[in-house]
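Below are the chains, spelled out letter by letter.
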Amino acid sequence: MVKSYLISIFILLCAVIIESSILSNLSFLLAVPDIVLICSIYFSLLNGKLYGETCGFVSGIFLDWTTGIPFGFNSLIRTIISYVFGFFSDTIILKGIFMPMITVASGTVLKAIIKQLSVFFFPNVGIYLTHIISYEFLFELVLNTLLAPFFFKFLNLFVRSLSISSTKDKVDNA
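No experiment lies behind these values; they were computed from the predicted model shown. Along each chain, the written sequence defines residue order, and numbers are assigned to residues from 1. In keeping with the predicted nature of the model, local features appear solely for residues at pLDDT of at least 70, side-chain atom pairs appear and are counted solely at 80 or more, and the whole-chain, interface and lining totals rest on all residues. Computation of side-chain values covers all heavy atoms of the structure but excludes hydrogens and water.

Engineer: Help me understand the nonpolar core in this model?
Structural biologist: Among the nonpolar cores identified, the biggest contains 37 residues, and Ile 41, Tyr 42, Phe 43 and Phe 152 are the most heavily contacted of them. Segments assigned H or I by DSSP are reported as helices when at least four residues long, segments assigned E as strands when at least two residues long, and all are numbered from the N terminus. Broken down by secondary-structure element, the contributors of at least two residues to this core are α1 (2-22), α2 (35-47), α3 (49-66), α4 (73-86), α5 (98-117), α6 (135-156) and α7 (159-162). No other element matches α2, which puts ten residues into this core. Working rule for contacts: check all heavy atoms of both residues, and any pair within 4.5 Å makes them a contact. Beyond its immediate stretch of four places on either side in the chain, Phe 152 contacts Ile 38, Ile 41, Tyr 42, Leu 45, Leu 94, Pro 100, Thr 103 and Val 104. Put simply, buried Ala, Val, Leu, Ile, Met, Phe, Trp, Tyr and Cys residues joined by side-chain atoms within 4.5 Å make one nonpolar core. Buried residues are those whose accessible area, probed at 1.4 Å on protein chains only, stays under 20% of the maximum for their type, while exposed residues exceed 50% and partly exposed ones sit between those limits.

Engineer: How should I be thinking about the packing of aromatic side chains in this particular structure?
Structural biologist: Geometrically, a pair of aromatic rings is defined through the distance of the ring centres and the angle of the planes. Pairing of aromatic side chains requires ring centres within 6.5 Å, counting the rings of Phe and Tyr and the six-membered ring of Trp. Pairs whose planes differ by under 30 degrees are stacked, by over 60 edge-to-face, and all others tilted. On inspection of all chains with the given rule, the structure shows five aromatic pairs. Among the aromatic residues, ring-to-ring pairing joins Tyr 42, Phe 43 and Phe 152 into one connected group.

Engineer: Explain the packing of α3 against α4 here, please?
Structural biologist: For any two helices packed against each other, the geometry is given by the interaxial angle and the distance between the axes. Running from N to C, α3 and α4 point in directions that differ by 160°, and their axes come no closer than 7 Å. With respect to each other, α3 and α4 are oriented roughly antiparallel. Considering the relative orientation of α3 and α4, their crossing is right-handed. Contacts from Lys 49, Gly 52, Glu 53, Gly 56, Phe 57, Ser 59, Gly 60, Ile 61, Leu 63 and Asp 64 of α3 reach α4 at Phe 73, Asn 74, Ser 75, Arg 78, Thr 79, Ser 82, Tyr 83 and Gly 86. Under this scheme, a helix contributes an axis fitted over its contacting stretch, all axes are lines through C-alpha atoms, and angles between N-to-C directions fall in the 0 to 180 degree range. Note that the term roughly parallel is reserved for angles under 35 degrees, roughly antiparallel for angles over 145, roughly perpendicular for angles of 65 to 115, and oblique for everything else. Note on convention: near helix rotated counterclockwise from far helix by under a right angle means a left-handed crossing. Clockwise means right-handed.

Engineer: Before we go on, may I ask you to explain α3 in this structure?
Structural biologist: Working note: α-helix, 3.6 residues per turn, so residues spaced by three or four point in the same direction. Across its 18 residues, α3 extends 25 Å between first and last C-alpha, which sits within 8% of the 26 Å expected from 1.5 Å per residue. Within α3 the residues assigned to the buried category are Tyr 51, Gly 52, Cys 55, Gly 56, Val 58, Ser 59, Gly 60, Phe 62, Leu 63 and Asp 64. The secondary structure elements touched by the buried residues of α3 are α1, α2, α4 and α7. Helix span, as expected, comes to 1.5 Å for every residue beyond the first.

Engineer: When you look at the pattern of salt bridges in this model, what are you seeing that I'm missing?
Structural biologist: The rule for a salt bridge is simple: a side-chain nitrogen of Lys or Arg has to be within 4 Å of a carboxyl oxygen of Asp or Glu. Tallying each qualifying case throughout the model produces three salt bridges. Across the salt bridge formed by Glu 140 and Lys 111, the nearest N and O atoms sit 2.5 Å from each other. Note that Glu 140 is positioned in helix α6 and Lys 111 in helix α5, a separation of 29 residues in sequence. Each member of the pair Glu 140 and Lys 111 is classed as buried. One salt-bridge network, held together by shared partners, links Asp 34, Arg 78, Lys 111 and Glu 140.

Engineer: Where do I start with the side chain of Ser 59 in this structure?
Structural biologist: By the element assignment, Ser 59 lies in helix α3. Counted as a polar contact is a pair of N or O atoms within 3.5 Å, where, for protein atoms, one must be capable of donating a hydrogen and the other of accepting one, and residues adjacent in sequence contribute only when both atoms are in side chains. Here Gly 56 takes part through its backbone oxygen, which lies 2.9 Å from a polar atom of the side chain of Ser 59. Leaving out residues up to four positions away in the same chain, Ser 59 has contacts with Leu 12, Val 16, Val 36, Ser 40 and Arg 78.

Engineer: Any chance you could explain the state of the cysteines here in plain terms?
Structural biologist: Note on terminology: a disulfide is the covalent bond linking the sulfur atoms of two cysteines. Here, two cysteine sulfur atoms that lie within 2.5 Å of each other are counted as a disulfide. Following the criterion strictly, the structure yields zero disulfides and no others. In this structure Cys 14 is a free cysteine whose sulfur lies 9.6 Å from that of Cys 39, the closest cysteine sulfur available. For the unlinked cysteine Cys 55, the closest cysteine sulfur is that of Cys 39, found at 9.8 Å.

Structure representation (structure tokens):
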């Protein structure tokens with residue numbers, strides 16, 4: 001179990017570095033795809049609530065550390081999202097194309113809603129937020145939705161190392 005946590009944390013750290021260092025510097029992207037969110041949702045769906053909220057919190061700490069947003073903002077959002085998707089770990093199957101797309105799209109919308117609501121707790125963050133109905137949000141939603149099956153398939157390669165229980169019914173390794 002410790003091995004799966006360490007591998008998940010390493011994957012999240014790599015995703016944060018790629019997202020904040022490489023993708024954020026591409027000028028032709030209107031918004032940066034949230035690959036950290038995709039990985040956190042995958043870990044939550046694979047292993048459940050506790051594992052998911054831990055990975056969500058750690059990914060939020062990494063994002064708070066690399067961005068200029070006040071400490072705790074991303075941690076709160078990622079923990080809530082990962083906990084919510086952890087509830088569905090027994091019902092959502094990780095294989096296929098459409099289920100990853102639907103779950104990540106709903107996770108992206110949930111992230112935007114929680115960001116808008118969290119301005120009450122983090123008033124200094126309001127200047128960094130984009131509105132839910134904007135080109136930036138729609139671009140991020142489309143990118144996250146289209147990238148979800150690829151990242152889920154890539155993470156399925158490491159399912160034996162990432163899973164804390166038997167995943168025979170959840171993931172198709174073929």
